[in-house]
Amino acid sequence: MTNATRRSLHGLAELVLAGPQHRASGTIRLRVLDGGFATVAAPDLRVTADALVIGDDGGRRVTLAGRTLGELAAAAGVEPGAPRDLYPDGSGASADDPVVLDGAAEILAGFAAGDAALRAFSADATPVLWPEHFDLGVSLDEVNYGVSAGDATIDEPYAYVGPWKPRTGDFWNVSFGAAHPLRELPDLPAFFAEGRRQAG
């Protein structure tokens, strides 16, 4: 997996799915699927490890490799671009960026594992893939739980527990709470449960 791959998937989530969805349906929320992620409202778009899928019932598949984000948006019949005036950060990707897929399956598998773990941890919560930081999460009792594709904190997919108010103690190992690479966490629901216990 490379930073370029992460940026490509983040750009797809933000510019091709979330931005058009926000303009059409008023929400930036995305959902994780086994092997990919998708919009939750119109337009009906899904990203897999190798294709953009347009429409339901299997839809029309457009291969990701060799295309730019703008070309993929055009194939889907949407205007590329991040949600407007909602958050200051984001992927930094542009419509002219080519899609890079080296190691994409690792990120998508991490999100799928995170989605399953979050649902096991809290059956009442619906995990959301947020396009701003490209992380999957839920919030319970003023604590965020989730899985990130990786960023400046940890340069690979990782799980985190982020209390809205800082906590102290050995469990809390990063500035925003606790975070560990997924490869170090064989039992994700247990990590989230320990985070809940530590957060009190």
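This text goes with the structure placed above it.
Attention in this report is confined to the structure presented alongside it.

1. Overview of the pairing of strand β4 (residues 51-54)
The side chains of a regular strand alternate between the sheet's two faces.
At step 1: Neither face of β4 is open: one carries Ala-51 and Val-53, the other Leu-52 and Ile-54, and all of them are buried.
At step 2: Looking at chain direction, strand β3 (residues 45-48) and β4 are connected through three bridges and run antiparallel. Bridging from a neighbouring strand, Val-47 pairs with Leu-52 of β4.
At step 3: What sits between the antiparallel neighbours β3 and β4 is a turn of two residues.

2. A look at the packing of helix α1 (residues 3-25) against helix α3 (residues 104-121)
At step 1: In contact at an axis separation of 9 Å, α1 and α3 are set at 55 degrees when each is read in the N-to-C sense. As judged from the angle between their axes, α1 and α3 are oblique. In this structure, α1 meets α3 at a crossing whose hand is right-handed. Taken together, the residues of α3 that come into contact with α1 (itself represented by Thr-5, Arg-6 and Leu-9) are Ala-104, Ile-107 and Leu-108.
At step 2: Residues of the contact of α1 with α3, tallied by class, amount to four nonpolar, one polar and one charged.

3. Structural notes on the packing of aromatic side chains
At step 1: For the structure on display, the rule yields 10 aromatic pairs.
At step 2: When the centroid spacing of 6.2 Å and the interplanar angle of 85 degrees are considered together, the rings of Tyr-145 and Phe-192 count as edge-to-face. Here Tyr-145, found in strand β8 (residues 143-148), pairs with Phe-192, found in helix α4 (residues 188-199); they are 47 residues apart in sequence, far enough to count as distant. Residue Tyr-145 shares its accessibility class with Phe-192, and that shared class is buried.
At step 3: Among the aromatic residues, those joined into a cluster by ring pairs are Phe-121, Tyr-145, Phe-171, Trp-172, Phe-191 and Phe-192.

4. Re the environment of Val-40
At step 1: Within the element layout of this structure, Val-40 appears in the loop between β2 (36-39) and β3.
At step 2: Given the relative accessible area of 45%, Val-40 is considered partly exposed.
At step 3: Between the alpha carbons of Val-40 and Phe-134 there is a distance of 15 Å; along the sequence they are 94 residues apart.
At step 4: What Val-40 contacts, discounting residues up to four positions off in sequence, is Gln-21, Thr-27, Arg-29, Leu-30 and Arg-31.

5. Quick word on the nonpolar core
At step 1: Core analysis: the largest hydrophobic core is formed by 51 residues, its most contacted members being Phe-37, Leu-52 and Phe-192.
At step 2: Not counting chain neighbours up to four residues away, the residues in contact with Phe-37 comprise Leu-9, Leu-12, Ala-13, Leu-17, Arg-31, Val-32, Leu-45, Arg-46, Val-47, Leu-108, Leu-129 and Phe-134.
At step 3: By size, the runner-up hydrophobic cluster in this structure holds five residues, among which are Ile-154, Tyr-158, Val-174 and Ala-179.

6. Here's the deal with the packing of α1 against helix α2 (residues 69-76)
At step 1: The geometry of α1 relative to α2 is characterised by a closest axis approach of 10 Å and an angle of 40 degrees between their N-to-C directions. Considered as vectors, α1 and α2 are oriented oblique to each other. By crossing handedness, the relation of α1 to α2 is classed as right-handed. Taken together, the residues of α2 that come into contact with α1 (itself represented by Ser-8, Gly-11, Leu-12, Leu-15 and Val-16) are Leu-69, Leu-72 and Ala-73.

7. Some details on the pattern of salt bridges
At step 1: This structure, assessed with the given rule, holds eight salt bridges.
At step 2: The shortest N-O distance in the salt bridge between Arg-119 and Asp-115 comes to 2.9 Å. In this pair, Arg-119 and Asp-115 are both assigned in helix α3, four residues apart and thus about one turn of the helix distant.
At step 3: Residues Arg-197 and Glu-194 are paired through a salt bridge, measuring 2.7 Å at the closest nitrogen-oxygen approach. One end of the pair, Arg-197, and the other, Glu-194, are both in helix α4, three residues apart, so they sit about a helical turn from each other.
At step 4: Given the relative accessible area of 57%, Arg-197 is considered exposed.
At step 5: When salt bridges with common partners are traced through the structure, they connect Glu-156, Arg-183 and Glu-184 into a single cluster.

Cut-offs and rules
- Residues numbered from 1 in each chain as written.
- Predicted model: local features only at pLDDT ≥ 70, side-chain atom pairs only at ≥ 80, totals over all residues.
- Heavy atoms only, no water.
- Buried < 20%, exposed > 50% of the residue type's maximum accessible area, 1.4 Å probe, protein only.
- Helix = DSSP H or I, 4+ residues; strand = E, 2+ residues; numbered from the N terminus.
- Pairing = 2+ DSSP bridges.
- Axes fitted to C-alpha atoms, helices over the stretch in contact; angles between N-to-C directions.
- Parallel < 35°, antiparallel > 145°, perpendicular 65-115°, else oblique.
- Left-handed = near helix turned anticlockwise from the far one by under 90°.
- Contact = heavy atoms within 4.5 Å.
- Nonpolar A, V, L, I, M, F, W, Y, C, P; charged D, E, K, R; others polar.
- Phe/Tyr/Trp six-rings, centres within 6.5 Å; stacked < 30°, edge-to-face > 60°.
- Core = buried A, V, L, I, M, F, W, Y, C linked by side-chain atoms within 4.5 Å.
- Salt bridge = Lys/Arg side-chain N within 4 Å of Asp/Glu carboxyl O.

Purely geometric stuff here, so don't read any function into it on its own.
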